[in-house]
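# Structure assessment
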Amino acid sequence: QVQLVESGGGLVQPGGSLRLSCAASGFTFSASAMSWYRQAPGKERELVAVITSDGGTTNYADSVKGRFIISRDNAKNTMYLQMNSLKPEDTAVYYCKVYYSSYYWGQGTQVTVSS
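Residues numbered from 1 in each chain as written. Predicted model: local features only at pLDDT ≥ 70, side-chain atom pairs only at ≥ 80, totals over all residues. Heavy atoms only, no water.

### A closer look at the environment of A24
By the secondary structure assignment, A24 is in strand β3 (residues 18-25). Linking A24 and V2, residues 22 residues apart in sequence, is a C-alpha distance of 7.5 Å. Those residues in contact with A24 that sit more than four places away from it in its chain are Q3, L4, F29 and N77. (Helix = DSSP H or I, 4+ residues; strand = E, 2+ residues; numbered from the N terminus. Contact = heavy atoms within 4.5 Å.)

Structure (structure tokens):
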């Protein structure tokens with residue numbers, strides 16, 4: 001079965017960095033586009049970044065463009081989100097998502113940006 005497991009979240013000060021990971025199994029990772037979403041308290045879940053199956057094309061939400069970098073290692077079945085220059089408004093639960101006959105989500109990892 002499809003499994004997505006996020007890790008790497010935590011508490012970081014404004015201006016700091018974190019790298020999130022999404023370990024995938026149960027489907028052909030190297031053939032699947034992947035994405036990161038986030039959901040802040042009281043807000044709807046929003047798209048953060050998308051990456052094509054070969055990693056050749058990426059897209060970002062305007063709010064994170066220039067600060068976040070999405071990447072993947074198809075040999076390790078893992079996707080990453082490098083988050084730099086973090087702001088308090090980046091505080092959210094971050095999820096990875098894949099479409100493989102249906103939509104699948106991970107359980108999420110909490111990112112808190114606070115001094």
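### Things to note about the packing of aromatic side chains
Applying the stated rule across the entire model yields five aromatic pairs. Between the aromatic rings of Y95 and W105, the centroid separation amounts to 6.2 Å while the plane-to-plane angle is 90°, which identifies the pairing as edge-to-face. A residue pair is termed long-range when its members are at least 10 positions apart, and Y95 in strand β9 (residues 92-99) and W105 in strand β10 (residues 103-105) qualify at 10 residues. Taking the relative accessible area as the measure of exposure, Y95 reaches 13% and is therefore buried. An aromatic cluster of three or more residues is present, and its members are F27, F29 and Y100. Cation over ring: R45 sits above W105, and NZ or CZ is 4.5 Å from the ring centre. Its end group placed over the ring of F29, R72 keeps NZ or CZ at 4.3 Å from the ring centre. (Phe/Tyr/Trp six-rings, centres within 6.5 Å; stacked < 30°, edge-to-face > 60°. Buried < 20%, exposed > 50% of the residue type's maximum accessible area, 1.4 Å probe, protein only. Lys NZ or Arg CZ within 6 Å of the ring centre and 35° of its normal.)

### Some points on the state of the cysteines
If you walk through the whole model with that rule in mind, you get one disulfide. Here C22 engages in a disulfide with C96; their sulfurs sit 2.1 Å apart. One disulfide, between C22 and C96, carries an S-S torsion of 70° and so falls in the right-handed class. In this pair, C22 sits in strand β3 while C96 sits in strand β9, placing the two residues 74 residues apart along the sequence. A relative accessible area of 0% places C96 in the buried class. (Disulfide = S-S within 2.5 Å.)

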